[in-house]
Amino acid sequence: MSQISLTFPDGNKRDYAAGVTGAEVAASISTSLAKKAISATINGAHSDLQWPIHSDSSIAIHTLSDDAQALELIRHDAAHIMARAVQEIWPDVKVTIGPVRDCGWFYDFDRAEPFTPEDLGQIEAKMKQIINARDPVKTEVWDRARAIKFYEDKNEPFKVELINRIPPGEDLRMYWHGPWQDFCRGPHLAHTGQVPADAFKLTHVAGAYWLGDASRPMLQRIYGLAFKNRDDLKAHMTMLEEAAKRDHRKLGREMDLFHIQDEAPGMVFWHPHGWTIYRQLEDYMRGRQKAAGYKEIKTPQVVDRVLWEKSGHWEAYRENMFIVEVDEDGAKEKRINALKPMNCPCHVQIFNQGLKSYRDLPLRLAEFGSCHRYESSGSMHGLMRVRGFTQDDAHIFCTEDQIGSECEAFIKLLASVYKDLGFDGFEIKFSTRPDVRIGSDETWDKVESMLEAAIKATGVAYEVDPGEGAFYGPKLDFKLTDAIGRKWQCGTFQVDPNLPVRLDAEYVGEDGAKHRPYMLHRAILGSFERFIGILIENYAGKLPFWLAPRQVVVAAIVSDADPFVHEITNALIKAGVRAEADTRNEKINYKVREHSVGKVPVILAVGMKEVEERTVSVRRLGDNRTETISLDQALAEFGFAALPPSGH
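The rules behind the values
Residues numbered from 1 in each chain as written. Predicted model: local features only at pLDDT ≥ 70, side-chain atom pairs only at ≥ 80, totals over all residues. Heavy atoms only, no water. Core = buried A, V, L, I, M, F, W, Y, C linked by side-chain atoms within 4.5 Å. Buried < 20%, exposed > 50% of the residue type's maximum accessible area, 1.4 Å probe, protein only. Helix = DSSP H or I, 4+ residues; strand = E, 2+ residues; numbered from the N terminus. Contact = heavy atoms within 4.5 Å. Pairing = 2+ DSSP bridges. Salt bridge = Lys/Arg side-chain N within 4 Å of Asp/Glu carboxyl O.

A. A look at the nonpolar core. Residues Tyr 418, Leu 421 and Phe 531 are the most contacted members of the largest nonpolar core, which totals 58 residues. Here this core gets eight residues from one element, more than from any other, and that element is helix H13 (residues 403–420). In contact with Phe 531, other than residues within four places in its own chain, are Leu 281, Tyr 418, Leu 421, Phe 423, Leu 480, Cys 490 and Leu 525. Tyr 107, Ile 131, Val 195 and Ala 226 belong to the second-largest nonpolar core, a separate cluster that totals 31 residues.

As structure tokens, then:
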């Protein structure tokens, strides 16, 4: 084609010579756009301004005002600039990969000596020199043989291995940032000066095995942050400082909630106070689910591999499963079982017991299911990522016509629960078919359209997340935002037409024939462990009164008040309050400080004046003021506050 037609976001079309670049298109629109342009989206794919366009396409030109595209490029270019800086300072260092992540990037290096904090400062200074040089960024497409020889001549074995892993036939795109070269898919900015020199920060160094394989060399991974301007970077650094103060591992020690030790990596040892939070949350969820029509069940933790093979989990999830081999009496071979990594196949077994009718649907089965999944030691993080956890899991067996109403009811339940727990808003991601999946494309087409129609019918806003669905069906993921702006993916709602087929689930329809039910996988909290970690950090340990493990401490000011202290404590306990007495021979200020560190919501100080007047002096966590109220008023107030929210 000598001429091509490009369609712009406003619907207008223009004709250009085939092979036109995004930069040339921007220049054809206006000189100011040509100066501001940083990249283009061609037929939905983010690309360089340097890439030629050879066929009719849709196009959008991006500037720094387009946050998503600008931040991707700034962070990607910063990774390359950092790698260039490292090799300019230490030419013998070998480079590997440097992807964009979260609010920045990381890059892995092979270097004999460990990087130090002083080294990071030196690298930052060199990066600013490279940025200020405004070196042009250029790109070419090379064949495999040329690229391999190039990296062999440079003694870059990691790059050679990466090229050999790329499927035959794929282009190898080479980039130059000034004189320094790397290969990646791109896209990149037009010159190094487009990266803000005052809006990035190298944060820390960690070890990382090459390609995540513990049998391969240990590399050094340098992490960095990058934003569009200095103010955004400063705000993020402030948030990180606040996050460190709220770290649930630190608060967990101070509040004596839990611990994790080497003999059981990724498994939680709950202490009495922590287990109190867990049980309160579980009881609350049990009540909410019962009111919503769920029936609670319990299924085994150890299940024969045969079931996992039938469900498809053995093939798709085997590397994350803990295997249990058993010598059965008289058996020639060991029986291979697995600790369940999820509950769904077991729930189908309960559905399959007895003949089901369309009148039984929807059938909502809920389980606080104990699951185990293998996580690498480097990925585990306190309660946030563990190997043993309990899901607030449920599966709804329903007809096709019931999917929409069940989706709407679930979103209402989830929104109510999140509000009760202190999270007023959430985002929804609609995740479509992944590359590795079961089921036909025809089935996926149908189910994806059904789920999208269901979410549209609720009127709730959502975004599409291509390729992130479960291997058995599309899903909705629910992300909540905590008190310092971090987003956490917790809830999920998944439509599964495949597992009922694989595990022979059937019901008798109104027509008297047998039909396959749809299986809706859903969770609100996700896992109790992770959600409790989120709650601790969201509230900085100052949990809502009904969830706090120690709600009231009644502290004696003088020993003569001890009998009244115990009377108050017993009365509070009788009123349903988790209360305890502190009659130690310590000053009241010491007791207040100690219990404040332990995040006790209310401290009642009792001296002889309070004994005579049958009152208490109330000190609330985070408030330096005190107030005096009657014992009867205290019992009524705190007894009511101890009740879990009703969801209304």
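B. Region of the structure containing the pairing of strand S21 (residues 335–339). Of the pairings in the sheet, the one linking strand S19 (residues 302–304) to S21 comprises three bridges and is antiparallel in character. When the sheet's bridge partners are listed, Val 302 is paired in S21 with Leu 339. Pairing between strand S20 (residues 323–326) and S21: four bridges, direction antiparallel. Bridge assignment links Glu 325 to a residue of S21, and that residue is Ile 336.

C. Spatial organisation of the environment of Asp 632. Of note, Asp 632 is situated in helix H20 (residues 631–641). Classification of Asp 632 by relative accessible area gives exposed; the value is 60%. Separated by 64 residues in sequence, Asp 632 and Ile 568 place their C-alpha atoms 9.8 Å apart.

D. Spatial organisation of the pattern of salt bridges. Inspection of the entire model under this criterion finds 48 salt bridges. Residues Asp 482 and Arg 486 are paired through a salt bridge, measuring 2.8 Å at the closest nitrogen-oxygen approach. The partner of Glu 580 in a salt bridge is Arg 550, with the nearest N and O atoms 2.9 Å apart. With Glu 580 in strand S32 (residues 579–582) and Arg 550 in the loop between helix H16 (528–538) and strand S31 (552–556), this pair connects stretches of sequence that are 30 residues apart. By relative accessible area, which is 29% here, Glu 580 ends up partly exposed.

E. Unusual backbone geometry, seen in detail. For the bond from Gly 186 to Pro 187, the omega torsion is -5 degrees, close enough to zero to count as cis. Along the polypeptide, Pro 187 turns up in the loop between strand S13 (180–183) and strand S14 (200–209). Omega for the bond connecting Leu 361 with Pro 362 falls within 30 degrees of zero, at 0 degrees, which places this linkage in the cis form. Note that Pro 362 resides in the loop between helix H12 (344–351) and strand S22 (363–372). Phi is positive for Asn 43, which is not a glycine, with a value near 50 degrees. Mapped onto the secondary structure, Asn 43 falls in the loop between strand S4 (39–42) and strand S5 (45–47). Residue classification places Asn 43 among the partly exposed residues on the basis of a relative accessible area of 49%. Phi is positive for Arg 134, close to 55 degrees, though the residue is something other than glycine. Following the sequence through the fold, Arg 134 ends up in the loop between helix H4 (117–133) and strand S11 (137–142).

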